[in-house]
Amino acid sequence: MIDELLPETVSAAELFGVALPAAALLPEEERHVSRAVHERVREFSAGRWCARRAMAGLGVPPVPVLPGPRGEPGWPSGLVGALTHCEGFAAAVVARSAEVLALGIDAEPARPLPDGVLEAVALPGERAGLPHQPDGAPSLPWDRMLFSAKESVYKAWFPMTGRPLGFEDAFLSFDPGDGTFTARLLVPGWPLGDDLLTGFRGRWAVRSGLLLTAVAVLAVPGVRTSPAHGWAVAGAVR
């Protein structure tokens with residue numbers, strides 16, 4: 001499902017349910033979670049199984065994917081990627097860094113956020129700008145979609161820049177008609193050649209009871225996609 005939201009150069013793998021294949025973890029990864037609780041080990045294992053399946057799609061042999069200082073997955077040299085997991089689902093996406101500069105994905109259950117969470121993660125203008133459901137249309141939890149999109153933006157931003165990004169550091173807006181969203185950075189942008197990355201464009205979807213969001217920053221100097229594609233390109237998003 002997640003591959004629908006990303007360019008064809010991105011390799012994706014997904015896992016549904018809680019059952020995992022045998023030997024899902026490599027020895028280095030087993031040591032990393034040797035003292036973790038069962039739920040953490042299960043989530044970690046699901047993500048790493050997906051990561052190796054996604055890497056195999058690019059012809060990359062199995063290697064450990066260990067967390068970095070802020071929990072970000074450490075990909076082999078020459079690759080970028082992202083992981084996500086929620087109840088009953090895990091996914092990984094990877095691409096060659098010569099083609100894609102950054103990836104961010106997130107999956108959430110398609111139900112509203114708990115009381116009080118939206119106020120903690122969204123700016124007042126973001127809350128006011130969330131799409132309204134037409135009368136009679138199926139309910140879509142835009143509050144959790146906003147949370148998911150911010151997670152995808154962070155996962156793309158931090159590995160690329162090494163700089164943290166708080167919930168209040170990007171202003172997101174959605175286009176409910178074409179399945180895209182825009183994130184405008186409220187912190188200094190990131191230099192990319194002669195240009196400056198000042199935001200992201202992403203895509204969203206609802207599939208099988210899940211909210212899915214994704215961001216891809218393409219390494220194509222001097223070229224920008226149209227908003228309909230929903231993928232940011234090396235350059236400023238204005």
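Computed from a predicted structure; not experimentally measured. (Residues numbered from 1 in each chain as written. Predicted model: local features only at pLDDT ≥ 70, side-chain atom pairs only at ≥ 80, totals over all residues. Heavy atoms only, no water.)

1. Section: helix α5 (residues 142-161)
Now for step 1: Here α5 contains 20 residues, and its C-alpha end-to-end distance of 28 Å stays within 8% of the 28 Å for a straight helix at 1.5 Å per residue.
Now for step 2: Along α5, 16 of the 20 residues are buried, which leaves the element largely enclosed by surrounding structure. (Helix = DSSP H or I, 4+ residues; strand = E, 2+ residues; numbered from the N terminus. Expected span 1.5 Å × (residues − 1). Buried < 20%, exposed > 50% of the residue type's maximum accessible area, 1.4 Å probe, protein only.)

2. Here we look at the sheet that holds strand β2 (residues 79-86)
Now for step 1: Read from one edge of the open sheet, 3 strands run β1-β3-β2, paired in antiparallel fashion. Every interior strand has two partners, whereas the edge strands, β1 (11-16) and β2, have only one. On average, each strand axis in the sheet is tilted by 10° relative to the strand beside it, whichever way the strands run. (Pairing = 2+ DSSP bridges. Axes fitted to C-alpha atoms, helices over the stretch in contact; angles between N-to-C directions.)

3. A closer look at the nonpolar core
Soluble globular proteins: nonpolar side chains tend toward being buried together.
Now for step 1: Counting 30 residues, the largest nonpolar core has F174, F181 and F200 as the members making the most contacts within it.
Now for step 2: When contributions to this core are tallied by element, the ones reaching two or more residues are α3 (117-121), α5, β5 (170-175), β6 (180-185), β9 (199-207) and β10 (210-218).
Now for step 3: Per element, the largest residue contribution to this core is 9 residues, and it comes from α5.
Now for step 4: Judged by nonpolar contacts, the second largest core, of 22 residues, contains M1, F89, V93 and L210. (Core = buried A, V, L, I, M, F, W, Y, C linked by side-chain atoms within 4.5 Å.)

4. Re the packing of aromatic side chains
Now for step 1: Enumeration over the complete set of coordinates arrives at 7 aromatic pairs.
Now for step 2: With a centroid separation of 6.4 Å and an interplanar angle of 85°, the aromatic rings of W157 and F200 are classed as edge-to-face. In this pair, W157 is assigned in helix α5 and F200 in strand β9, connecting sequence segments 43 residues apart.
Now for step 3: Residue class for F200 comes out buried when judged on its relative accessible area of 0%.
Now for step 4: Within the aromatic cluster, the residues linked to one another by ring pairs are W142, F174, F181 and W204. (Phe/Tyr/Trp six-rings, centres within 6.5 Å; stacked < 30°, edge-to-face > 60°.)

5. Some details on helix α2 (residues 38-56)
Now for step 1: Taking 1.5 Å as the rise per residue, α2 with 19 residues should run 27 Å; its terminal C-alpha atoms sit 27 Å apart, in good agreement.
Now for step 2: When α2 is considered as a whole, its buried residues turn out to be F44, S45, A46, G47, R48, W49, C50, A51, R52, A54 and M55.
Now for step 3: Those residues of α2 that are buried are in contact with β1, α1 (27-32), β2 and β3 (89-96). (Contact = heavy atoms within 4.5 Å.)

6. Concerning the pairing of β3
Now for step 1: In terms of residue burial, β3 counts as a mostly covered element, since 7 of its 8 residues are buried.
Now for step 2: As judged from the 6 bridges shared by β1 and β3, these two strands associate in the antiparallel manner. Looking across to β3, one finds that S11 is bridged to V94.
Now for step 3: Hairpin connection, β2 to β3: the antiparallel pair is bridged by 2 residues, and G88 has positive phi, about 80°.

7. Here we look at the confidence of the model for the protein chain
Detailed reading of predicted coordinates is not advised where the pLDDT is low.
Now for step 1: Averaged over the protein chain, the pLDDT score is 88; the fraction of residues at 70 or greater is 87%.
Now for step 2: The weakest mean pLDDT in the protein chain belongs to strand β11 (residues 232-233) at 50; the strongest belongs to β6 at 97.
Now for step 3: In the predicted structure, residues 222-231 sits below a pLDDT of 50 and forms 29 contacts with residues beyond four places in sequence or in another chain.
Now for step 4: Note on residues 233-238: pLDDT under 50 across the span, and 32 contacts to partners over four residues away in sequence or across chains. (pLDDT = per-residue confidence, 0-100.)

8. A closer look at the environment of W204
Now for step 1: Within the element layout of this structure, W204 appears in strand β9.
Now for step 2: Expressed as a C-alpha distance, the spacing of W204 and A214, which sit 10 residues apart in the sequence, is 6.5 Å.
Now for step 3: Those residues within four positions of W204 in sequence are excluded, and the remaining contacts are L5, L140, W142, M145, F174, D175, P176, G179, T180, F181, L212 and T213.

9. Describing the side chain of T213
Now for step 1: Note on placement: T213 falls in strand β10.
Now for step 2: One polar contact links T213 to S148, side chain to side chain, over a distance of 2.8 Å.
Now for step 3: When near neighbours in sequence (up to four residues on either side) are disregarded, T213 contacts I2, L5, G104, I105, D106, M145, S148, A149, S152, F181, R203 and W204. (Polar contact = N/O pair within 3.5 Å; in protein donor to acceptor, adjacent residues only side chain to side chain.)

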